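Notes for the structure review
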Amino acid sequence: MDWTHYRFRSLWSLAAPPDVVYGALADAESYPRWWPQVREVTPVDDLSGVIRIRSVLPYDLVFIAREVRRDRAAGILEIAMTGDVDGWARWTLVAEGSGTRARYDQEVHVTKPLLRRLAVPGRPVFRANHALMMRAGRRGLAAHLRGTGKRQP
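Quick look at the structure, then. For every chain, the first residue of the written sequence is number 1, and numbering continues from 1 along that sequence. Thresholds applied to this predicted model are a pLDDT of at least 70 for local features of residues and 80 or more for the giving and counting of side-chain atom pairs; totals over whole chains, interfaces and linings are not thresholded and use all residues. Hydrogens and water molecules were not included; the side-chain quantities draw on all heavy atoms of the structure.

1. Concerning the overall build of the protein chain
When you go through the protein chain residue by residue, the secondary structure sums to four helices and seven strands. Seen in sequence order, the protein chain has helices and strands lined up from the N terminus as β-α-α-β-β-β-β-β-β-α-α. For the protein chain, the C-alpha radius of gyration of 15 Å lies close to 15 Å, the compact-globule estimate for 153 residues. Counting only C-alpha atoms, the protein chain reaches 45 × 30 × 30 Å along its principal axes. Contacts between residues were defined by any pair of non-hydrogen atoms, one from each residue, lying within 4.5 Å. Pairs at least 24 residues apart make up 51% of the contacts formed inside the protein chain by residues separated by at least 6 positions. Neither His nor the chain termini are counted; the positive set is Lys and Arg, and the negative set is Asp and Glu. Charged groups are reduced to one reference atom each: NZ for lysine, CZ for arginine, CG for aspartic acid, CD for glutamic acid. Charge-centre separation for the protein chain: the mean point of 24 positive side chains lies 9 Å from the mean point of 16 negative side chains. For helices the rule is a DSSP run of H or I covering at least 4 residues; for strands it is a run of E covering at least 2, with both sets numbered from the N terminus onward. Within these notes, the globule rule equals 2.2 Å times the number of residues to the 0.38 power, and the radius of gyration is based on C-alpha atoms.

2. Digging into the pattern of salt bridges
Side chains carrying opposite charge are able to pair once their charged atoms draw close together. Think of a salt bridge as a Lys or Arg side-chain nitrogen and an Asp or Glu carboxyl oxygen that are within 4 Å of each other. All told, the structure shown has 12 salt bridges when counted by the stated rule. For the salt bridge of R7 with E107, the shortest nitrogen-to-oxygen distance reads 3.4 Å. Placement of R7 in strand β1 (residues 5-14) and of E107 in strand β7 (residues 99-110) is noted, with a sequence separation of 100 residues between them. Categorising residues by exposure relies on relative accessible area from a 1.4 Å probe, with only protein chains included: less than 20% of the type maximum marks a residue as buried, more than 50% marks it as exposed, and the intermediate range marks it as partly exposed. With relative accessibility at 58%, the residue R7 sits in the exposed group. Accessibility expressed as a relative area gives 22% for E107, which makes it partly exposed. Of the charged contacts in the structure, one is a salt bridge between D105 and R103, with a shortest N-O distance of 2.7 Å.

3. With respect to the packing of aromatic side chains
The rule is short: rings of Phe, Tyr and Trp, with Trp giving its six-membered ring, pair when the centres are within 6.5 Å, and they are stacked under 30 degrees, edge-to-face over 60, tilted in between. Taken as a whole and assessed by the stated rule, the structure comprises eight aromatic pairs. In textbook terms, an aromatic cluster arises when at least three aromatic residues are bridged by ring pairs, as seen for W12, Y31, W34, W35, W91 and Y104. We count a charge as sitting over a ring when the NZ of a lysine or the CZ of an arginine lies within 6 Å of the ring centre and within 35 degrees of the ring normal. Stacked on the ring of Y6, the Lys or Arg R123 has its end atom at 4.3 Å from the ring centre.

4. Comments concerning the environment of S10
Among the secondary structure elements, S10 is positioned in strand β1. Spatially, the C-alpha atoms of S10 and Q106 are 9.0 Å apart, while their sequence positions differ by 96 residues. Filtering out sequence-adjacent residues up to four positions away, S10 remains in contact with A102, R103, Y104 and M134.

5. Considering the side chain of S30
Looking at the secondary structure, you find S30 in the loop between α1 (18-26) and α2 (31-34). Owing to a relative accessible area of 2%, S30 belongs among the buried residues under this scheme. Polar side-chain contacts of S30 include one of 2.8 Å to the backbone oxygen of D27. N or O atoms within 3.5 Å of each other form a polar contact, as long as, within protein, one can give a hydrogen and the other can take it, and as long as residues adjacent in sequence are counted only when both atoms are side-chain atoms.

6. With respect to the nonpolar core
Definition used in this section: a nonpolar core is a set of buried Ala, Val, Leu, Ile, Met, Phe, Trp, Tyr and Cys residues joined via side-chain atoms within 4.5 Å. Residues W12, L25, W35, V38, W91 and L141 are the most contacted members of the largest nonpolar core, which totals 38 residues. The residues touching V38, leaving out its near neighbours within four places in the chain, are Y31, P32, I51, R52, I53 and M133.

This is the structure:
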């Protein structure tokens, strides 16, 4: 087993139509306004940017995100990531009643030296850290879509 390899899946039910959710998720530069752990998004060009994230644990992950697929009709947003993590992430949106079911899939290899050294003993903690980040992201996006603009823990 490669202890530095991770696969994640999160499912979010959101009370907004898919087109509205897609618009919010497609605007990566706005993530720091509603997702507390996304600390910074710095555009590099029209298809890529540098993203810095930090969840509960005291370390930042920095990577370049490059757009791979942007398909509003199919409800898909996908990026490739290189840096402290190498891999990909994808949002897939489908209508769910009057709202949206957002599925987030991610597959990465951790390249940050400290996290590689702690790969075996730290794995459960790293997975929990990711889960907390995703939960806060769902709450923040839900608030953003309601128009409150409040960042929630």
